[in-house]
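Okay, here's what each chain looks like letter by letter:
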Amino acid sequence: MSYESTLAHLEEHGQGHLLAFYHQLPEDQQSSLLNQIKSIDIPRVNRIFQTAIKADKDAAEDESKETLEPLPSSDTASTTDPKVAESSVPKWKETGMKAIREGKVGIILMAGGQGTRLGSSAPKGCYDIGLPSGKTLFRMQGERIKKLDQLAGGEKGLVWYVMTSGPTRKETEKYFRDSGFFGLDAENVVFFDQGVLPALTNDGKIFLQDRSIVAVAPDGNGGLYAALRQPLPDLPGNMSVLQHMQSRGIQHVHAYCVDNCLVRVADPVFLGYSIEKQAETGAKVVKKRHATESVGVLAKRNGKYGVVEYSEMGEKEASMKDPEHPDELAFRAANIANHYFTLEFLQKMEALEQKMTFHIARKKIAHVDTTSGEAVKPSQPNGMKLELFVFDVFPFTERLAVLEVPRSEEFSPLKNAPGSASDCPETSRKDILAQHAGWLKNAGCEVEEGCEVEIDPKVSYAGEGLEAFKGKKVGKSVIIDSVDLADKL
């Protein structure tokens with residue numbers, strides 16, 4: 001686009017100020033600014049802003065009219081229920097394994113964040129939580145995929161779509177290459193970037209970061225949906241992720257966040273459950289620990305599926321008991337950002353996005369004043385960043401499957417700095433080692449108190465394949481990287 005056509009386009013949509021300093025810029029910066037503006041869908045930004053502002057106003061006015069209901073029991077199942085574990089889990093697992101074996105499953109990893117809270121500028125997936133093996137989050141998850149491929153016995157292999165961000169893309173790709181893609185076929189690992197949206201004034205004008213750069217910010221993990229549609233130069237014919245999935249025959253997608261060290265990547269039980277329920281979308285949940293735990297819960301809001309944040313729920317609802325299970329909270333399905341989608345549903349997202357509401361985050365946004373040309377560093381929030389969350393699609397699904405799983409087996413997030421009371425490297429490490437010791441005990445192996453046991457993913461994906469350790473005893477800390485080690489115990 002030329003300067004003239006770009007200016008006309010911007011002025012048509014009320015954003016002409018973005019070229020206020022164009023004629024003062026060197027030629028290379030002029031070109032860079034025009035290219036950045038070309039990459040931004042200005043009408044979409046304006047539409048998102050208007051929808052977000054209206055929803056914010058409506059929510060404030062209609063707060064008293066909102067209705068919250070627990071999920072209906074027909075939409076949920078729990079692997080912690082002994083009857084379900086015995087009768088249904090094996091069947092779901094086989095259904096999921098069949099889909100994997102036939103090459104119908106893809107995996108989306110949301111890994112755009114840095115380990116800033118952990119004291120690291122590296123991608124969070126590169127973080128070493130202190131396991132005896134030194135394995136990082138990326139390595140553990142990649143090796144679990146490799147093991148699952150072997151268990152399923154398919155020919156194509158699972159495809160891992162890794163969503164990065166501008167600050168993490170190069171380092172993430174380098175780490176994967178230097179690690180030999182953790183034993184996976186490099187062609188089955190596809191990188192793509194999380195989207196960004198311009199930062200806006202309170203009346204919807206786009207900020208300039210400086211005279212030649214538009215101020216942008218990540219659009220939240222729900223930006224995943226738009227990112228899936230973007231052409232990728234690394235793929236044949238510049239295909240998008242969605243087009244690549246279709247070309248590979250993928251029908252079912254598991255999406256999760258990188259920071260959960262216990263995640264069962266492409267869990268065949270969860271896949272099978274969602275497939276048999278003929279769900280469009282699915283969510284794994286864990287049981288909320290207590291009424292005041294700071295977690296969002298899956299529920300029905302005004303008759304539609306959704307995630308209700310802990311700050312949005314009153315004390316009465318949070319403490320409500322389930323009439324059918326008086327010892328349980330009614331609103332107990334804690335969201336853990338672990339989801340199932342059909343490809344067909346993901347392909348509908350472009351149309352659905354026009355109905356979805358982005359969340360407004362009021363922020364202090366440094367910028368250049370387009371009138372005076374002076375740099376501004378505000379001391380108070382002066383604008384907004386717009387975000388979408390992965391679960392914002394739930395109100396638009398007709399068939400949602402929710403599977404409750406044991407927290408100790410499947411959820412230990414890494415969010416806080418070392419030494420924190422919870423959700424930190426120490427708790428992640430402790431939970432992994434406790435899980436692995438439990439797997440050995442379930443296999444009939446005695447593990448002495450105080451012994452640290454780490455089981456390599458190539459030995460076991462989820463506690464299976466440990467029969468050789470029955471009747472054995474672990475008397476010292478050990479990394480089990482082969483079943484042959486059982487003979488030495």
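Residues numbered from 1 in each chain as written. Predicted model: local features only at pLDDT ≥ 70, side-chain atom pairs only at ≥ 80, totals over all residues. Heavy atoms only, no water.

Draft legend 1. The arrangement of helix H10 (residues 268-276) in detail. Extensive coverage of H10 is indicated by the burial of 7 of its 9 residues. Among the residues of H10, those classed as buried are Pro268, Val269, Phe270, Leu271, Gly272, Tyr273 and Ser274. The N-terminus of H10 is capped by aspartate 267, whose side-chain oxygen sits 3.1 Å from the backbone nitrogen of valine 269. (Buried < 20%, exposed > 50% of the residue type's maximum accessible area, 1.4 Å probe, protein only. Helix = DSSP H or I, 4+ residues; strand = E, 2+ residues; numbered from the N terminus. Polar contact = N/O pair within 3.5 Å; in protein donor to acceptor, adjacent residues only side chain to side chain.)

Draft legend 2. Spatial organisation of the pattern of salt bridges. Under the criterion given, the structure shown has 33 salt bridges. Ionic pairing is found between glutamate 102 and lysine 104, a salt bridge with its closest N-O pair at 3.1 Å. By relative accessible area, lysine 104 is classed as partly exposed at 25%. One salt bridge in this structure joins lysine 458 and aspartate 456, with 3.4 Å as the shortest N-O distance. Owing to a relative accessible area of 7%, aspartate 456 belongs among the buried residues under this scheme. (Salt bridge = Lys/Arg side-chain N within 4 Å of Asp/Glu carboxyl O.)

Draft legend 3. Main features of the pairing of strand S16 (residues 325-329). Relative to S16, strand S15 (residues 321-322) runs antiparallel, the two sharing 2 bridges. The residue of S16 that forms the bridge with aspartate 322 is histidine 325. Remark: 2 residues form the turn of the hairpin made by S15 and S16, two consecutive strands paired antiparallel. (Pairing = 2+ DSSP bridges.)

Draft legend 4. Just the packing of aromatic side chains, in detail. According to the stated counting rule, one finds 13 aromatic pairs in the structure shown. With a centroid separation of 6.2 Å and an interplanar angle of 35°, the aromatic rings of phenylalanine 138 and tyrosine 175 are classed as tilted. Linking phenylalanine 138 in helix H6 (residues 137-152) with tyrosine 175 in helix H7 (residues 169-178), this pair joins segments that are 37 residues apart in sequence. Summarising the aromatic geometry, the rings of phenylalanine 389 and phenylalanine 391 are spaced 5.5 Å apart at their centres and angled 35° between planes, so their arrangement reads as tilted. Of the residues examined, phenylalanine 389 reaches a relative accessible area of 24% and is grouped as partly exposed. A network of ring pairs unites the aromatic residues Phe138, Trp160, Tyr175, Phe176, Phe181, Phe182 and Phe191 as a single cluster. For lysine 300, the ring lying beneath its charged end belongs to tyrosine 305, and the centroid distance is 4.7 Å. (Phe/Tyr/Trp six-rings, centres within 6.5 Å; stacked < 30°, edge-to-face > 60°. Lys NZ or Arg CZ within 6 Å of the ring centre and 35° of its normal.)

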